[in-house]
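Here is how the chains run, residue by residue.
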There are 2 protein chains.
Amino acid sequence: MDYLSEFLAVPLTSAAVLEAEAGDMKRRMEVFIMKIQKQFCHALEEFESEKKFVVDRWERPEGGGGISCVLQNGEVIEKGGVNISVVHGVLPKEAAAQMRSRGKVLGTGQLNFFACGISSVIHPRNPHVPTIHFNYRYFEVVEGNGGAKQAWFGGGTDLTPYYLDENDCRHFHQSLRDATGPEAYTKYKKWCDDYFVVTHRGERRGVGGIFFDDLEEPSLDEAFGFVQRCANAVIPSYVPLVEKNKDRLYEPAQREWQLLRRGRYVEFNLLYDRGTKFGLFTPGARFESILMSLPLYAKWEYCHQPEEGSAEAELMAILRTPREWLIV
Amino acid sequence: MDYLSEFLAVPLTSAAVLEAEAGDMKRRMEVFIMKIQKQFCHALEEFESEKKFVVDRWERPEGGGGISCVLQNGEVIEKGGVNISVVHGVLPKEAAAQMRSRGKVLGTGQLNFFACGISSVIHPRNPHVPTIHFNYRYFEVVEGNGGAKQAWFGGGTDLTPYYLDENDCRHFHQSLRDATGPEAYTKYKKWCDDYFVVTHRGERRGVGGIFFDDLEEPSLDEAFGFVQRCANAVIPSYVPLVEKNKDRLYEPAQREWQLLRRGRYVEFNLLYDRGTKFGLFTPGARFESILMSLPLYAKWEYCHQPEEGSAEAELMAILRTPREWLIV
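Since the structure is predicted, the reported quantities are computational estimates derived from the model, not experimental observations.

A. Region of interest: the nonpolar core. Counting 71 residues, the largest nonpolar core has Met 29, Phe 40, Tyr 136, Phe 153 and Tyr 238 of chain B as the members making the most contacts within it. With 11 residues, the single largest contributor to this core is helix α3 (residues 25–45) of chain B. Sequence-distant contacts of Phe 153 of chain B, defined by excluding residues within four places in its chain, comprise Met 25, Met 29, Arg 137, Tyr 138, Phe 212, Asp 213, Asp 214, Leu 215, Leu 220, Ala 223, Phe 224 and Val 227 of chain B. With 70 residues, the next largest nonpolar core counts Tyr 138, Leu 159, Leu 176 and Met 316 of chain A among its residues.

The structure is reproduced here in structure tokens:
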């Protein structure tokens, strides 16, 4: 396999290991997320006449590393990141406690872990283009040396518009349901609405999408198939919304509203997001990759209230009471 | 006492109670912080030809309330807040745990609390004018109904410049040492350097000041005297720095640097600050008052590095390795 025709950088795991263990889920997932990274970056670069994603490959002294792709100050993309990480080591106690609180049964001795995933946030410049976030990850925990192994997938895709376009929301949710099937969609749409909450404000971060964790059923192979369908749905769910809205006109006041909503995005990510906090509080974390999710600019006004009946107020109503976007 | 000549709003505690219990520390502190709030707001309004602090008096269904004063989009002050809160009720379990972790011995039954304090953050427009934060508070915890009472003060004042002016730093620290005396200054200066750390970046939020908690020695009366001296030092420590720098010229790139540093301020406040998190995670909290500390605008660039030898790099060196500003 010619790496540079398939991927944006040399994978974290050596070619020899990727080849020798090609059937191992760890390796299958790493190769898969590398492909998704390249496809998504390339799809977005189509909108830029000059800027490309800058590719940073980094290694972690404690084991593994990552490939961070960031595009800043583009014509269409104000700031976007598409990151991969492949890490392994001893599971921090806090992470084990977090897993137990979700119902995982883990031994009390040393726990080793492997985790790989892709994580992306795209903040476009035009307030009529929503922000997208997605993350798909694979996790293994092994008790002691070569003891019992648990493995699962997690992830999701969600949309944060600044102005509501109901057709865009329906298109986005429909693409996700096409990928997941209706039953999983219903379950994971609710999970998403329940997770992305800016609790102190009583509002959601955006119009949702799907979110799930601890997926290992009916088999790890089938769970991987599900995750592949979800991740492959990112481009068709999102890129048409960029294409459709990127050249729309907007007023300075609409830009200010976008910046205020980006302030809420920052609040969610720094105060509530499990991944961000787990990442930042892990010693040796590459904080620049974790914080690439933050927008280029954000704004906080004291007691800002959108005018009654305005487009801004219309969005707020949806963020306070999530809607079903698709006819069941 | 004519309230509106002394204060910016009617105090949270009724006139009858303030008068009848005028010797009680709860009432003394409330009256004191009301005066500080008015003095500081008025001192800053001197810099504005039109804007005044907007005064919001709010009550908390669970007991008590606050007075929030906010000035946004001024000529000199881009966003500033000076808040008072006077609250009481049942101490949340997490707050009790936090106090125990600091060494407080508290019973395991119901704990009632009273807390009042003043908290302020001023973000000026000009990057040559530092941001100031101060907070002085009084806390009582009473076991059960009328059981053993513990009472203490906490607080501090700290400075966050965007460009380093060593004379300004020395003036600020000297004003604090004049208020605290050299021994307390040395101890609380270090506490401040240790507290205001953006841990994941290995840098401090600013050039420090003083920070302390659990102050009840040598007597509560004397501790109150100390807190009064500290709070009275806010205006002489800070207002001359605004006066001196507010009309300095700056380049757009210096404004961008200020916004990046404001992003770090947001990171500290949302990820690490005890007061912010305690506030936001308390049910019924008035989040608008807590989050008035966030700047009007902030910025995040991926992997931003100031140029070697630049004024920005000079500031970063100090933020990585705090300095002694005063000759001992």
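Back to the text.
B. Structural view of the confidence of the model for chain A. When pLDDT is averaged across chain A, the result is 95; 99% of the residues are at 70 or more. Model confidence for the complex: the whole-complex pTM is 0.96, and ipTM, which rates the interface, is 0.95.

C. Layout of the sheet that holds strand β4 (residues 111–124) of chain A. Residues and elements named next belong to chain A. Read from one edge to the other, the open sheet built from seven strands follows the order β1-β2-β3-β4-β5-β6-β9, with strand pairing classed as antiparallel. Each end of this open sheet is capped by a strand with a single partner; those strands are β1 (54–59) and β9 (208–215). Between one strand and the next, the sheet's axes are offset by a mean angle of 5°, whatever the strand orientation. Summarising the sheet, strand β3 (residues 77–90) and β4 pair through 13 bridges and their orientation is antiparallel. Directly across from Val 87, in β4, lies its bridge partner Ala 115.

D. Molecular detail of the interface of chain B and chain A. Taken residue by residue, the interface counts 33 residues in chain B and 33 residues in chain A. Buried area between chain B and chain A, both sides added, is near 3100 Å², and the carbon and sulfur share of it is 62%. Where chain B packs against chain A, one counts two salt bridges. Across the salt bridge formed by Arg 201 of chain A and Glu 288 of chain B, the nearest N and O atoms sit 3.9 Å from each other. Counting across the chain B and chain A interface gives 17 residue pairs in polar contact (both at pLDDT 80 or more). Mapped onto the side of chain B that touches chain A, the elements with two or more residues apiece are β2 (64–72), α9 (252–272), α11 (287–290) and β10 (297–299) of chain B. The element best represented in the side of chain B that touches chain A is α9 of chain B, accounting for seven residues. For the side of chain B that touches chain A, the residue count by class is 19 nonpolar, five polar and nine charged. Sheet analysis places strand β10 (residues 297–299) of chain A next to β10 of chain B, joined by three bridges and oriented antiparallel. Along β10 of chain B, the bridge assignment pairs Tyr 297 of chain A with Lys 299 of chain B.

E. View of the pattern of salt bridges. Applying the stated criterion to the full structure yields 61 salt bridges over all chains. Put simply, Asp 214 of chain B and Lys 104 of chain B hold a salt bridge, and the shortest N to O gap is 3.2 Å. Note that Asp 214 of chain B is positioned in strand β9 (residues 208–215) and Lys 104 of chain B in the loop between α4 (93–101) and β4 (111–124), a separation of 110 residues in sequence. For Lys 104 of chain B, a relative accessible area of 10% translates into the label buried. Bridged by salt links that share partners, the residues Arg 102, Lys 104, Arg 137, Asp 213, Asp 214 and Arg 274 of chain A form one connected network.

F. Local environment of helix α5 (residues 166–180) of chain B. Residue and element names in this part refer to chain B. In a regular helix each residue adds 1.5 Å, so 15 residues correspond to 21 Å; α5 covers 21 Å between its end C-alpha atoms and thus fits that length. You can read the cap of α5 off the contacts: a side-chain oxygen lies 3.0 Å from the backbone nitrogen of Asn 167, and it is on Asp 165. Residue Gly 181 follows α5 closely and has a positive phi angle near 85°.

Calculation criteria
Residues numbered from 1 in each chain as written. Chains lettered and ligands numbered in written order. Predicted model: local features only at pLDDT ≥ 70, side-chain atom pairs only at ≥ 80, totals over all residues. Heavy atoms only, no water. Core = buried A, V, L, I, M, F, W, Y, C linked by side-chain atoms within 4.5 Å. Buried < 20%, exposed > 50% of the residue type's maximum accessible area, 1.4 Å probe, protein only. Helix = DSSP H or I, 4+ residues; strand = E, 2+ residues; numbered from the N terminus. Contact = heavy atoms within 4.5 Å. pLDDT = per-residue confidence, 0-100. Pairing = 2+ DSSP bridges. Axes fitted to C-alpha atoms, helices over the stretch in contact; angles between N-to-C directions. Buried area = accessible area lost by both parts, 1.4 Å probe. Salt bridge = Lys/Arg side-chain N within 4 Å of Asp/Glu carboxyl O. Polar contact = N/O pair within 3.5 Å; in protein donor to acceptor, adjacent residues only side chain to side chain. Nonpolar A, V, L, I, M, F, W, Y, C, P; charged D, E, K, R; others polar. Expected span 1.5 Å × (residues − 1).

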